[in-house]
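Reading the structure
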There are 2 protein chains.
Amino acid sequence: MNDDLILLGHGSGGRLFHELLDELIVPALSQGAPAAQDDAALLDPPPGRLAYTTDSYVVDPIFFPGGDIGDLAVNGTVNDLAMMGARPLWLSVGLILEEGLAKRELAAVLGSMRRAADAAGVRIVTGDTKVVPRGKADRLFVNTSGIGVLEHRLTLGGAQARPGDRILVSGTLGDHGVAVMAARERLDLPEPVASDTAALHPLTGLLAAELGGALHVLRDPTRGGVATTLKEIALQSGVDLRLRERDLPVRPSVGAACALLGLNPLYVANEGKLLALVAPEAAARAVELLRSHPLGRDAAVIGEVTAAGPGRVALELLDGGVRIVEMLSGGQLPRIC
Amino acid sequence: MNDDLILLGHGSGGRLFHELLDELIVPALSQGAPAAQDDAALLDPPPGRLAYTTDSYVVDPIFFPGGDIGDLAVNGTVNDLAMMGARPLWLSVGLILEEGLAKRELAAVLGSMRRAADAAGVRIVTGDTKVVPRGKADRLFVNTSGIGVLEHRLTLGGAQARPGDRILVSGTLGDHGVAVMAARERLDLPEPVASDTAALHPLTGLLAAELGGALHVLRDPTRGGVATTLKEIALQSGVDLRLRERDLPVRPSVGAACALLGLNPLYVANEGKLLALVAPEAAARAVELLRSHPLGRDAAVIGEVTAAGPGRVALELLDGGVRIVEMLSGGQLPRIC
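Residues numbered from 1 in each chain as written. Chains lettered and ligands numbered in written order. Predicted model: local features only at pLDDT ≥ 70, side-chain atom pairs only at ≥ 80, totals over all residues. Heavy atoms only, no water.

**Quick look at the overall build of chain A**
- A count of helices and strands for chain A gives 8 helices and 14 strands.
- A compact globule built from 337 residues would reach a C-alpha radius of gyration of about 20 Å, and chain A, at 21 Å, matches this within 12%.
- Dimensions along the principal axes, computed over C-alpha positions, put chain A at roughly 65 × 50 × 35 Å.
- When each of the 337 residues of chain A is scored for burial, the buried share is 64%.
- Pairs at least 24 residues apart make up 87% of the contacts formed inside chain A by residues separated by at least 6 positions.
- Roughly 11900 Å² of accessible area belongs to chain A as shown, and the carbon and sulfur atoms make up 50% of that amount.
- Mean positive and mean negative side-chain charge positions of chain A (31 and 40 charges, respectively) differ by 3 Å. (Helix = DSSP H or I, 4+ residues; strand = E, 2+ residues; numbered from the N terminus. Rg over C-alpha atoms; globule rule 2.2 N^0.38 Å. Buried < 20%, exposed > 50% of the residue type's maximum accessible area, 1.4 Å probe, protein only. Contact = heavy atoms within 4.5 Å. Areas by Shrake-Rupley, 256 points an atom, 1.4 Å probe, with all protein chains shown as cover. Lys, Arg positive; Asp, Glu negative; His and termini not counted. Charge placed at Lys NZ, Arg CZ, Asp CG, Glu CD.)

**Observations concerning the interface of chain A and chain B**
- Taken residue by residue, the interface counts 76 residues in chain A and 76 residues in chain B.
- Counting the surface lost from both chain A and chain B, the interface buries some 5900 Å², and carbon and sulfur atoms represent 58% of this.
- Area buried by chain A at its contact with chain B is led by A:D39, A:Y52 and A:R223, which between them contribute 15% of it.
- Linking chain A with chain B are 6 salt bridges, by the criterion used here.
- Of the charged contacts, one joins B:D55 and A:K130 as a salt bridge, the two residues approaching to 3.3 Å between their closest N and O atoms.
- At the surface where chain A touches chain B, the tally comes to 37 residue pairs in polar contact (both at pLDDT 80 or more).
- For the side of chain A that touches chain B, a count of residues per class yields 32 nonpolar, 28 polar and 16 charged.
- Across 3 bridges, the pairing between strand β2 (residues 50–57) of chain A and strand β1 (residues 41–43) of chain B is antiparallel. (Buried area = accessible area lost by both parts, 1.4 Å probe. Salt bridge = Lys/Arg side-chain N within 4 Å of Asp/Glu carboxyl O. Polar contact = N/O pair within 3.5 Å; in protein donor to acceptor, adjacent residues only side chain to side chain. Nonpolar A, V, L, I, M, F, W, Y, C, P; charged D, E, K, R; others polar. Pairing = 2+ DSSP bridges.)

**Remarks on the relation of the copies chain A and chain B**
- It takes a turn of 180° to lay chain A on chain B, together with a shift of 0.0 Å along the axis; the resulting RMSD is 0.0 Å. In the structure described here, the two chain copies are related by an operation that fits a two-fold rotation axis. Looking at the rotation axis and the C-alpha trace of chain A, the residue lying nearest is A:A137, at 2.1 Å.
- Residue by residue, 100% of the interface of chain A is reproduced at the interface of chain B, so both copies engage with the same surface. (Least-squares fit on C-alpha atoms with pLDDT ≥ 70 in both.)

**Describing the packing of aromatic side chains**
- Evaluated as defined, the whole model comprises 2 aromatic pairs over all chains.
- Measuring from ring centre to ring centre gives 6.5 Å for A:Y52 and B:Y52, while their planes differ by 80°; the resulting arrangement is edge-to-face. On the criterion of chain membership, the pair formed by A:Y52 in strand β2 and B:Y52 in strand β2 (residues 50–57) is interchain, its members lying in two chains. An identical accessibility class is assigned to A:Y52 and B:Y52; each is buried.
- When the centroid spacing of 6.4 Å and the interplanar angle of 50° are considered together, the rings of A:F141 and B:F141 count as tilted. Note that A:F141 is positioned in strand β7 (residues 140–150) and B:F141 in strand β7 (residues 140–150), a pairing that runs across two chains. (Phe/Tyr/Trp six-rings, centres within 6.5 Å; stacked < 30°, edge-to-face > 60°.)

**Overview of the side chain of B:H216**
Residues and elements named next belong to chain B.
- Residue position: H216 is located in strand β9 (residues 215–219).
- Classification of H216 as buried rests on a relative accessible area of 4%.
- Beyond its immediate stretch of four places on either side in the chain, H216 contacts T155, L156, G157, Q160, R162, D165, L277, V278 and A279.

**Details of the sheet that holds strand β12 (residues 300–308) of chain B**
All names here are of chain B.
- If you walk across this open sheet you meet the 7 strands as β9-β11-β8-β12-β10-β13-β14, and the pairing is mixed. Two strands in the sheet have a free side with no partner beyond their single neighbour: β9 and β14 (322–325). Along the sheet, successive strands turn relative to each other by an average axial angle of 25°, direction set aside.
- Here strand β10 (residues 239–244) runs beside strand β13 (residues 313–316); their pairing, made up of 4 bridges, is parallel. Following the sheet pairing, R242 is matched in β13 by A314.
- Helix α8 (residues 283–291) rests against β8 (166–169), β11 (275–278) and β12 of the sheet, and its axis sits at about 10° to β8. (Axes fitted to C-alpha atoms, helices over the stretch in contact; angles between N-to-C directions.)

**With respect to the pairing of β13(B)**
Residue and element names in this part refer to chain B.
- For β13 and β14, the ladder comprises 4 bridges, and the chain directions are antiparallel. Counted as the bridge partner of E316 is V322 from β14.
- Turn length for the β13-β14 hairpin, with the two strands adjacent in sequence and antiparallel, is 5 residues, and the turn residue G320 shows positive phi of about 95°.

**Section: the packing of helix α5 (residues 201–211) of chain B against α8(B)**
All names here are of chain B.
- At a closest axis distance of 10 Å, the pairing of α5 and α8 adopts a crossing angle of 145°. Crossing handedness for the pair α5 and α8: right-handed. When α5 is examined against α8, the residues L203, L206, L207, E210 and L211 are found in contact with a partner set consisting of R285, A286, L289 and L290.
- Partitioning the contact of α5 with α8 into residue classes produces 7 nonpolar, no polar and 2 charged. (Left-handed = near helix turned anticlockwise from the far one by under 90°.)

From the geometry alone we can't say anything about function, so treat these as descriptive.
Right, here's the structure in full:
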């Protein structure tokens, strides 16, 4: 029976640790030749600037409709690289396991990481595993860091928004946050909602290649949702933004769930959507490009940069009123990623 | 009062999260210009192969004599890069905070990370912070990943040991593990023991530059200690090793503490020591090089590679007997790093 569970000894660095590595972790994650078990991976970078990022994943529950902590951890870090316009190349994986975790759950998560990495065309090249006693973690935490290469000379970033820019979102809002929340609270939603977790570099690659210098900002609206991410961009760029509620794409099932849960989809996390700020003359082409890919088929222009300013974000409501949008205040949805 | 503690809302991605970033984390960790808060750092790598590694740190307690989880997380990842013969360049930092952690403890750990990074000449270029509810983590877990550049053409690694090689250790065994264990159990040791946490790339740089192709293996004997690390090398290289107990450098205070705790210093973790396997004719020079640096002043030859073989490690005991050394079995010292 204990053979099926993670033991404290699996984190010791000794015999049990090597058995876990050899029997479960390395076969699940290694793509191609078995990795030499040295202290670091050796890599030959292609020419160009590199992008480098890290994210830890503590989502609760670790399995949810549409994904699990494994593909979330791969896609999330791939997306952070993609938002700098980089082509993702390599990932590291750091696991913190709680004593008593079922090995088959770990295996399922690792399998999911591997499939997500294969789908995204990235290689998991280095890793680490720690075990903490029962009650000192919550089943499984995952850290991924990632390295990508910039194959363009664009200057992208939250500080690059300019007056007149159109604000695009690549699809519907709030799917991930609602899916996780419903799974955690075991809610019976009127209609099921699945996480949108996906690797977005096909979309960002398309936009960078086709729009060139008309592409100013790429960001993925994860924790804090579209509202918080746009507020960050407004502050970073020193501009004011205006959104139109009627143009925000929200699935009816997500809208209904948000109403039930008292959530605003503008603040709910997404894990397979991007925001793009583009020069006005490029907006129609950008929508067309996004919609040409399955990940962007619900893309829409949702607002624009109105002027240089202190970083105000205004939302035109359905009833014609205007509301000022601030960052998420407090923890609307803890442990969503 | 609550102003002094980490709240769940600090992990939301919203306003509290940005306050924590702007007031505490970014000022503590950023070296030089404030980082643009984009999804990834942009880096210009020097020419050469890159080394890439990751490690999570879950040490209990987070503060211990000689260091804390912060400098441990910086030095540990720097050392993983150094053991491939790389010059460490950049680190990422992923923090998982337990709700209720005191902000001043977090500040102390971040300050310690910053000082360790400055001392090692590496830059912390990207990071991430998550918060989990009380009881779902143990105060603070830290992941660091790192990138370094190889400035030599040597082939180093656990599989490069050859018959005749001499086995060197750069200093005394078991200091880190005993220091952490004594702090955790609140033991009153006859003599205080401090962790040896330190960045070892000055030593590895010296050995790689001066020994060239006579340098075969570099490893830092962390979890599982010198015994487990040498067993790994023996298996990776397909060779048998012999150690001499009389040549193992152990501080009297650590020896006494190990006797008290029923530990064998050969299996206790080190965080500022390296093992080097070098061609026999280079051994004297290697010891001299190590001893020329304060981090290597207790360096010693502790054994040799006897022959090609199935990976046996033998220990010549003080009384003339011989014992076979296996990997650490089970968890002698959990959560030591």
